[in-house]
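Close look at the chain arrangement
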Amino acid sequence: MAIVTGPSSGKPTQVVVATTVLLSFISFWRAAAIVLGDLGSSAFYAGGIAEQAVGKAAPWFILGVMLFAWAVRAIYIESSVMFVRGGVYRVVKEAMGGTMAKLSVSALLFDYVLTGPISAVSAGLYIAALLTDILAHFGVGLPIPRDQFAAVLAMGIIVYFWRRNTRGLHESSSDALHIVQITTVMIVILLGWSVFTLLTRGGTLPPTPTVDHLRFSDDAVGWLKDTRFPAITAIALLIGFGHSFLAMSGYESLAQVYREIESPKPLNLRRTGLVVFVYSLIFTGSVSFLAASLIPDAVRPQFYDNLISGIAMNLAGPQLLRLGFQAFVVLVGFLILASAVNTAIVGSNAVLSRVSEDGVLPEWFRHPHRKFGTTHRFLNLIVGLQLITVLLSGGHIYILGEAYAFGVIWSFALKSLSVLVLRFKDPSPREWRVPVNLKVGSVELPIGLAAITLALLSVAVVNLFTKEVATIAGASFTLLVYVAFVLSERATARRKATDHTLDQFQLLPAPDVGLTELSARPGGVLVPVRDPNTLAHLKWALNHTDTQKQDIVVMTVRVLQGPDTGFRDLSSTRVFRDYEQNLFTRVVSIAEREGRPVKLLVVPSGNVADAIAQTAVSLQSSEIVVGESGTFNGAQLAHLFGEAWDRIEKSKDVRSRLVAYKLTGEIETFLLGPHAPPLSQEDLDLIHRLWLDAVNRYGLDVHHRDVVRAALEEMERDLGGADRERALARIAEQLKRPRATADVSGP
């Protein structure tokens, strides 16, 4: 599998392609936190939007939607544990073909394009309301144009997360867990204080959701205005349900986290779904009822844009205390809503990348940022659409909410229909299925799944006639994106058929990464590559490695994000696409020019650092050679890989060295894992002097190791006690001393 320099043999170069994703697995609690970061954000705006549409009975519809979420959760669990695991695009494509898949992903993109703006605008409205109340408390009557203020702040939030994602700085499951923990504190205080207020002041339930109690606004009935349909109970209930459905947005994230959930995956996915369902039912469901019970009817319209702040300001207690709690609510809201903005950008980027990998969009979109290595062109496209959406809405949350529901309901409906079709198209056993299945002879009738699908399609169809703006905007966006997909797919196919400038590679699928699969020797050099324009570190490795004694393995990580990435049994062509072909063409060219053989490897993973660390352990690599980037310098790369090194499972005696090729051409070396530190002569002299002092007291039974051990134990006591700051200051002093070799083992 080595590259032979000199005249080409005419045979394709071999590339080992791992068909199992290297993942860093997370607990179901962390998975639930990621989903709740998206789903929980709707609690801050769904209730107010629903009440503007259907009247005071809105809380019952919100409750109904959150209970119905149990059924939607079941659909995502079944689809995720199937072979076609994943989100809307993959499932619809498997069930109904490429045309419907492109339509479904177009509707899903409409959802993502609106998720960022509605979450960011909602955060801005909460902040605007808080500022207004604070100014009023101190007697300052400065008017704040709330919609305009929210729009400007929303664009700032979206641009901020665009910059973070362009630089490759993503939120972790730990970030999501911390946000949910803070949110939980807020919810507990909110519920406890509200119960106390209800017990002391009393309250009333909202009117039951009957036709007599429903008060649809003109916008809420759309083209059904002045017809008899809104007076029909079944249709009236579907209208109310449709205007409340955005409370359940975010369940697509459940498919995204499945592949990263630790074993046993199906069981932990069900646990994740249960946690998400109960949490969102309590949080989102209670907000609407508390608002109806605690905020007077005459005052409540002022808080449609920020219901939870309205609840806070109508609790029992001193105004200053209520204002302080409102500030806490706004802080929590900003964190969770901003997290939803980031999720929308990451999710849309993943979906577009997946569509591009299928040849629907040209490889040009996936070309990495020259400095940061991210798919910046997708990010630019989706963020540009989000900013335009904010401008067109003028920061009006109701308009955004009504349009947002279009993408949510249709993505759910097409997903459910596809899972139903797959029950008959692929009747193979499932690890888990949506309940209520009736066996008639050899045929199984999915009664429960069919009922859920019928309900979703009914709401989706009614929404088409009752939401004029959403229907026109959503249908237009979906059709335009679909047409763009079709034209792009044809152009990409023609271009690929005539492109002969790239080397051809023979793909060797391998379920795991190991020495046998690559025909490599232990103790080799691993060179991760990403950007074909930044391969100076590869050239350095080729020039500084004796390939007679060590093999050089050049690897790239196929970053898989989003709900359609799968986990095992990936096809090699799914992992090795146009980008990898272009990248390895450049690698082969450099290797041939330097006259050195290399072995080529592609590894799919959701975490680049973990994938590289796991590959280094599997190949028993003595060195990992990486290049500095615009995002991470050598020390930061070492810390990143050190953390990954400590996370993965390996033998205790596994050691490796990280070599960072700096942008200046200099080299930094870092040792990974536990190891003897590289001591200077000054360090050795100090240990020896201390040893001599101890020998004078205790004799020659004392060894140098005893001196070092005693010093380390004292440092450990200091760090864990009252002298912690003094001990840290002593360490800080050592950072100023020059050293030849750094050591990194993670935190």
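Rules of the game
Residues numbered from 1 in each chain as written. Predicted model: local features only at pLDDT ≥ 70, side-chain atom pairs only at ≥ 80, totals over all residues. Heavy atoms only, no water. Helix = DSSP H or I, 4+ residues; strand = E, 2+ residues; numbered from the N terminus. Buried < 20%, exposed > 50% of the residue type's maximum accessible area, 1.4 Å probe, protein only. Contact = heavy atoms within 4.5 Å. Areas by Shrake-Rupley, 256 points an atom, 1.4 Å probe, with all protein chains shown as cover. pLDDT = per-residue confidence, 0-100. Phe/Tyr/Trp six-rings, centres within 6.5 Å; stacked < 30°, edge-to-face > 60°.

Points about the overall build of the protein
A count of helices and strands for the protein gives 25 helices and 11 strands. Looking at the protein residue by residue over its 747 residues, the buried ones come to 53%. In the protein, 80% of the contacts between residues at least 6 apart in sequence involve partners at least 24 apart. Carbon and sulfur atoms make up 60% of the accessible area of the protein, which totals about 32400 Å².

Digging into the confidence of the model for the protein
Here the protein averages 84 in pLDDT, and 89% of its residues register 70 or above. Within the model, the stretch residues 1–10 combines pLDDT values under 50 with 19 contacts to residues more than four positions away or in other chains. Note that pLDDT drops below 50 for residues 740–747; the model gives that stretch 27 contacts with residues more than four away or on any other chain.

Concerning unusual backbone geometry
Outside of glycine, negative phi angles account for most residues, and trans bonds account for most peptide bonds. For Asp226, which is not a glycine, the phi torsion comes out positive at approximately 65°. Its place among the elements puts Asp226 in the loop between α7 (218–221) and α8 (233–244). Non-glycine residue Val436 carries a positive phi angle of around 70°. With respect to the secondary-structure elements, Val436 resides in the loop between α14 (397–425) and β2 (438–440).

Regarding the packing of aromatic side chains
As enumerated under the stated definition, the model contains 16 aromatic pairs in all. Measuring from centroid to centroid gives 5.5 Å for Phe44 and Tyr126, while their planes differ by 75°, and the two rings are edge-to-face. Taken as a pair, Phe44 in the loop between α1 (28–39) and α2 (46–54) and Tyr126 in helix α4 (residues 88–137) lie far apart in primary sequence, 82 residues in all. Look at Phe44 and you get buried, because its relative accessible area is 1%. Arranged with centres 5.8 Å apart and planes meeting at 75°, the rings of Phe68 and Phe241 form a pair that is edge-to-face. One end of the pair, Phe68, is in helix α3 (residues 58–81); the other, Phe241, is in helix α8, and 173 residues separate them in sequence. Phe241 carries the same exposure label as Phe68, and that label is buried. Ring-pair connections join several aromatic residues into one group, and the members of that group are Phe68, Tyr76, Phe241, Phe245 and Phe412.

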